[in-house]
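# Examining the three-dimensional arrangement
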Amino acid sequence: MAMEIDGSDQISPRYSINVLQLLKSSQMQHGLRHGDYARYRRYCTARLRRLYKSLKFTHGRGKYTRRAITEATVTEVRFLHMVLYSAERAWSHAMEKRQILNGPNARQRIYLIGRLRKAVKWADLFSRLCSTKGDSRTSLEAEAYASYMHGTLLFEQDRNWDTALKNFISARAVYEELGKYGDLENQVLCHARVEELEPSIRYCRHQIGGSNLQTSELLQIGEMEGPALDLFKAKLEAVMDEARSQQAASLTDFHWLGHKFPISNAKTRVAILKAQDLEKDVHGPAADSLPAEKRLAIFDKIFAAYHEARGCIRSDLGNAGNADNVKDDLYGLDKAVSAVLGQRTIERNQLLVSIAKSKFAKRRDDKNEKVTKPEELVRLYDLLLQNTADLSDLVSSGRDPKPEEVAFAEDSACKSLAFRAQRCFYLAKSYTLAGKRSEAYALYCHARSLAENALQKFQSTKDNDEMMKELKTLYNQCRSNSCIEHAIGIMEDEKAPENLSKKVSAMSLNRKDKKVEKFLLEKLDVYESAIGDPNVKRPPRIETFPPGFQTIPRNPIVVDLVYNCIDFPSLENRMKKDKKGFISRLWR
C-alpha cells in the first residue's frame with residue numbers, strides 16, 4: 001500500500017487521540033493480559049474490518065484494488081485509528097511468531113522480521129499523519145510509538161544497537177514528559193511505559209559495551225511484566241539458551257549418589273543444565289529473600305526442565321536398538337533424573353506446608369485471605385508421605401545399592417516418620433476444633449511418640465538441624481495440647497450432670513412459658529433486625545418455611561343415600577343375545 005502523504009493547502013481540523021491509553025485498554029481487554037497475541041491479532045483484524053466498512057473505504061468488490069491513505073483521505077479521526085490498528089496487527093503477528101515453542105526457525109524468523117518491518121511502515125505513516133492532522137500531544141505520542149517500533153525491529157535483528165538505543169531513549173523521553181501532565185490515569189500509564197522501556201535500553205547499552213550489566217541483573221529485569229517486555233524476555237531466553245548450549249559441551253556426565261551416567265544427547269544436557277541453574281536460585285544464599293510465589297514459579301520451571309530431559313532420554317531409549325550398554329546407561333540416567341525430580345517435588349511441597357503454617361498461625365492476615373484449616377495441612381502431609389515413599393522405592397530398586405543410596409534411604413525413612421508426626425498433630429487439631437476431646441487427646445499422644453522416635457533417629461545421624469528443631473517444637477506442642485485436651489475433657493465430664501439437670505429443669509410442657517421470638521412479618525412496626533447477631537449461628541426469623549396449613553372454606557360434600565333404595569327396571573330384553581348352533585340347542 002502506498003504510504004505517501006499528499007500536500008494540501010486547505011486548513012483541516014486537528015484530531016486528538018490518547019494513543020497509549022487506547023492501545024493499553026485494547027491490549028488488556030483482548031488477550032495481552034495473559035500474553036495471548038493470537039487473540040489480540042484477531043481483534044485488530046476485526047476492528048479494521050469494521051473501520052473499513054463504516055468509513056466505506058473497502059478495497060473493491062471481487063477484485064482487490066489498493067487505496068492509499070493520504071493526508072487528503074483523513075477526514076475524520078477513524079482514519080487514524082485504521083492506520084494505528086494496522087501497525088498493531090502486524091506487530092502482534094510478529095510477537096505471536098516469537099512465542100513458538102523452542103523459538104522460530106529460520107523461515108519463521110524471516111517472516112517475523114517482515115511483519116515487524118510492516119509494523120514500522122504503518123507506525124511511520126501514523127506519525128506523519130498525526131503531525132499534520134493531530135494536535136501536539138497526539139503528534140508526540142505517535143512519534144514515540146514510531147520510535148518504539150523502530151527500536152523493536154532493530155532489537156529483533158540483533159544489529160545497529162546504537163540506533164535501537166536512540167529510538168528507545170527518544171520514546172522514553174516523550175513518555176516521561178507526557179507523564180507530567182494530564183489526569184492520574186494517563187500519568188500512571190506513561191510511568192509504566194517508561195519502566196517497560198528501561199530494560200531494553202539497558203540491554204542495548206550492554207550490547208554496545210557502555211554498561212557493565214551483570215547476568216544476574218539481566219535475569220532480574222526479565223522477571224518484570226508488560227507487553228513491551230515480551231520481546232526482551234524472548235531475546236534474553238534465546239541468549240541464555242545459547243550460553244547453556246556452549247556450557248553443555250562440558251557437561252558430559254551426570255553424578256547422583258555415587259553413580260556416574262554419561263549424557264550423549266545435547267538436548268538432554270541443555271535441559272539438565274537449565275534445571276541446575278534454576279536450582280541455584282532456590283538453594284542459593286538469596287533464596288530466603290525471595291517471596292514464596294516466585295519460588296513456586298521457579299520450581300515449576302525446574303519441573304519443566306527435568307521433564308524435558310526425561311522426554312529426550314525416553315526418545316533415546318526408543319532409538320537405542322539392541323545396544324545393551326547404551327540402554328543400561330540411559331535407564332540409569334532416567335532413574336537419576338526421576339529421583340532428583342522427586343526430591344524437588346518434596347521441597348516444593350515443604351514450601352507449600354510452610355506457607356499454609358504461616359496462615360494457620362494467624363487468625364486473619366493483612367490481605368483478608370482465607371485462614372488455613374488443619375485438614376489442608378493433613379492433605380499436604382499425605383502428599384509428602386506419598387512422595388517420600390515413591391522416592392524411597394525408586395532409590396532402593398537397584399540390585400547392588402551403594403553406601404550413598406543406603407544413607408539416602410535411611411534419611412527418607414526419618415523424614416517419613418517426621419511427616420507422620422506432623423500429620424498426626426494437625427489431624428488432632430481438626431478433632432479439637434470439632435470438639436472431640438478423647439480422639440484429639442489420643443492423637444496428640446501418638447504424635448508425641450512419633451516425634452520422639454523421629455528425634456532419636458535424627459540425633460543418631462546428626463544431620464538436618466532444621467528438621468530436628470521442628471520436631472522439638474512439635475514435641476512440646478503435642479505435650480501441651482494433650483494436657484489441655486485432658487483438662488478440658490475432665491471439666492466437661494464434671495459439668496455434664498450439672499448441665500443436664502439445668503436443661504431438664506428448664507423444660508416445660510406449657511408452651512406459653514416459652515418465649516417465642518416473632519417473625520419479621522409479625523413485627524413490622526418495630527425496628528429490630530430479624531437476622532440476629534452475626535457471631536451466633538442461628539437461622540434468621542423472617543418467615544416460616546415451609547408455611548403451615550391453614551383452614552379454608554370448602555363446598556359441602558353431598559352424600560347420595562337414595563341410590564341403594566331404588567329398584568331399576570330390567571334391561572335384559574334390550575341386551576344383545578348370543579347366537580348358538582343346532583347342536584347347542586339339543587343340550588338345553
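Because the structure is a prediction, the values reported are computed rather than measured.

Along the backbone of the protein there are 17 helices and 2 strands. Counting all 588 residues of the protein, 37% fall into the buried class. Residue pairs in contact within the protein that sit at least 24 positions apart in sequence constitute 67% of those at least 6 positions apart. Split by element, the accessible area of the protein, about 37500 Å² in all, is 52% carbon and sulfur.

Per-residue confidence for the protein gives a mean pLDDT of 80; residues scoring 70 or more make up 82%. Highest mean pLDDT in the protein belongs to helix α2 (residues 37–54) (92); lowest belongs to helix α8 (residues 215–222) (47). Per-residue pLDDT stays below 50 along residues 1–10; that stretch engages in 24 contacts with residues further than four places along the chain or on separate chains.

Given a rise of 1.5 Å per residue, 18 residues ought to cover 26 Å, and the 26 Å separating the end C-alpha atoms of helix α6 (residues 161–178) matches this to within 8%. By the burial criterion, the buried members of α6 are Trp161, Ala164, Leu165, Asn167, Phe168, Ala171, Arg172, Val174, Tyr175 and Leu178. Buried-residue contacts for α6 involve α1 (19–29), α5 (136–157) and α7 (184–208).

On to the packing of aromatic side chains. Per the counting criterion, the structure on display carries 16 aromatic pairs. Between phenylalanine 155 and phenylalanine 168, the ring centres sit 6.3 Å apart and the planes meet at 75°, which makes this aromatic pair edge-to-face. In this pair, phenylalanine 155 is assigned in helix α5 and phenylalanine 168 in helix α6, connecting sequence segments 13 residues apart. A residue is classified by how much of its surface remains accessible, and phenylalanine 168, at 2% relative accessible area, is buried. Note on phenylalanine 155 and tyrosine 203: the rings are 5.5 Å apart at their centroids and 50° apart in plane angle, and the pair reads as tilted. Of this pair, phenylalanine 155 sits in helix α5 while tyrosine 203 sits in helix α7, placing them 48 residues apart in sequence.

Our focus in this paragraph is unusual backbone geometry. Residues other than glycine seldom take positive phi values, yet aspartate 158 does so here, at roughly 60°. You can see aspartate 158 is positioned in the loop between α5 and α6.

Looking now at helix α3 (residues 77–98). The terminal C-alpha atoms of α3 lie 32 Å apart, and with 22 residues this matches the ideal 32 Å at 1.5 Å per residue to within 8%. In terms of residue burial, α3 counts as a mostly covered element, since 17 of its 22 residues are buried.

Residue position: lysine 24 is located in helix α1. The buried category is assigned to lysine 24, whose relative accessible area is 11%. Polar contacts involving the side chain of lysine 24 include one to the side chain of glutamate 196, which spans 3.2 Å.

Let's shift gears to the pairing of strand β2 (residues 259–262). What you see with β2 is a clean split: His259 and Phe261 sit on the buried side and Lys260 and Pro262 on the side with no burial. Taken together, the 4 bridges between strand β1 (residues 253–256) and β2 define a ladder with antiparallel strand orientation. Bridging across to β2, histidine 255 finds its partner in lysine 260. Between β1 and β2, which pair antiparallel in sequence order, lie 2 residues; one of them, leucine 257, sits at a positive phi of approximately 50°.

A contiguous patch of positive charge, built from Arg66, Arg117, Lys118, Lys121 and Arg159, is present on the exposed surface. If you trace the backbone, arginine 66 turns up in the loop between α2 and α3.

When you line up the elements, glutamate 88 lands in helix α3. Buried glutamate 88, no salt bridge; nearest opposite-charge side chain is arginine 193, N-O distance 6.6 Å. Non-local contacts of glutamate 88, meaning those with residues more than four positions away in its chain, are made with Leu23, Gln27, Tyr40, Cys44, Tyr145 and Met149.

Core analysis: the largest hydrophobic core is formed by 65 residues, its most contacted members being Phe254, Trp256 and Leu471. Within the residue set of this core, elements represented by two or more residues are β1, α10 (266–283), α11 (292–319), α12 (324–361), α13 (374–395), α14 (403–433), α15 (437–461) and α16 (465–506). Of the residues forming this core, the biggest block, 11 residues, is contributed by α12. With residues near it in sequence (within four places) discarded, leucine 471 still touches Ala418, Ala451, Ala454, Leu455 and Phe458. Membership of the second largest hydrophobic core comes to 63 residues, among which are Trp91, Tyr145, Leu197 and Tyr203.

Direction vectors running N to C along α5 and α7 enclose 30°, while the axes themselves pass 12 Å from each other. Viewed along their axes, α5 and α7 adopt a mutual orientation that is roughly parallel. Classified by chirality, the crossing of α7 by α5 is left-handed. Counting all contacts with α5, which are made through Arg137, Tyr148 and Phe155, the residues of α7 involved are Asn186, Arg193, Leu197, Ser200, Tyr203 and Cys204. Classifying every residue of the contact of α5 with α7 gives 5 nonpolar, 2 polar and 2 charged.

The next thing to look at is the pattern of salt bridges. Within the structure shown, the criterion is met by 20 salt bridges. Of the charged contacts, one joins aspartate 334 and arginine 314 as a salt bridge, the two residues approaching to 3.2 Å between their closest N and O atoms. In this pair, aspartate 334 is assigned in helix α12 and arginine 314 in helix α11, connecting sequence segments 20 residues apart. We classify aspartate 334 as buried; its relative accessible area is 11%. Salt bridges here are not isolated pairs; linked through shared partners, they connect Lys24, Arg193 and Glu196.

One way to put it is that α14 packs onto α15 with a least axis distance of 8 Å and a crossing angle of 160°. Judged on the interaxial angle alone, α15 and α14 are roughly antiparallel. The way α14 lies across α15 gives a crossing that is left-handed. When its residues are assigned to classes, the contact of α14 with α15 shows 17 nonpolar, 3 polar and 7 charged.

Here the focus is a nonpolar patch on the surface. On the surface, Val562, Tyr563, Ile566 and Phe568 cluster together into a nonpolar patch covering about 450 Å² of accessible area. Within the secondary structure, tyrosine 563 is located in the loop between α16 and α17 (582–586). Residue class for tyrosine 563 comes out exposed when judged on its relative accessible area of 54%.

This paragraph deals with the environment of serine 54. In this fold, serine 54 is placed in helix α2. Taking the C-alpha atoms as reference points, serine 54 and arginine 78, 24 residues apart in sequence, are found 9.3 Å from one another. Side-chain polar atoms of serine 54 contact the backbone oxygen of leucine 51, separated by 3.1 Å.

Time to look at the environment of glycine 114. Of note, glycine 114 is situated in helix α4 (residues 106–133). Given the relative accessible area of 31%, glycine 114 is considered partly exposed. As a C-alpha pair, glycine 114 and leucine 153 span 39 residues in sequence and 9.4 Å in three-dimensional space.

The rules we used
Residues numbered from 1 in each chain as written. Predicted model: local features only at pLDDT ≥ 70, side-chain atom pairs only at ≥ 80, totals over all residues. Heavy atoms only, no water. Helix = DSSP H or I, 4+ residues; strand = E, 2+ residues; numbered from the N terminus. Buried < 20%, exposed > 50% of the residue type's maximum accessible area, 1.4 Å probe, protein only. Contact = heavy atoms within 4.5 Å. Areas by Shrake-Rupley, 256 points an atom, 1.4 Å probe, with all protein chains shown as cover. pLDDT = per-residue confidence, 0-100. Expected span 1.5 Å × (residues − 1). Phe/Tyr/Trp six-rings, centres within 6.5 Å; stacked < 30°, edge-to-face > 60°. Polar contact = N/O pair within 3.5 Å; in protein donor to acceptor, adjacent residues only side chain to side chain. Pairing = 2+ DSSP bridges. Patch = residues over 30% accessible without salt bridge, like charges linked within 9 Å, V, L, I, M, F, W, Y side chains within 5 Å. Salt bridge = Lys/Arg side-chain N within 4 Å of Asp/Glu carboxyl O. Lys, Arg positive; Asp, Glu negative; His and termini not counted. Charge placed at Lys NZ, Arg CZ, Asp CG, Glu CD. Core = buried A, V, L, I, M, F, W, Y, C linked by side-chain atoms within 4.5 Å. Axes fitted to C-alpha atoms, helices over the stretch in contact; angles between N-to-C directions. Parallel < 35°, antiparallel > 145°, perpendicular 65-115°, else oblique. Left-handed = near helix turned anticlockwise from the far one by under 90°. Nonpolar A, V, L, I, M, F, W, Y, C, P; charged D, E, K, R; others polar.

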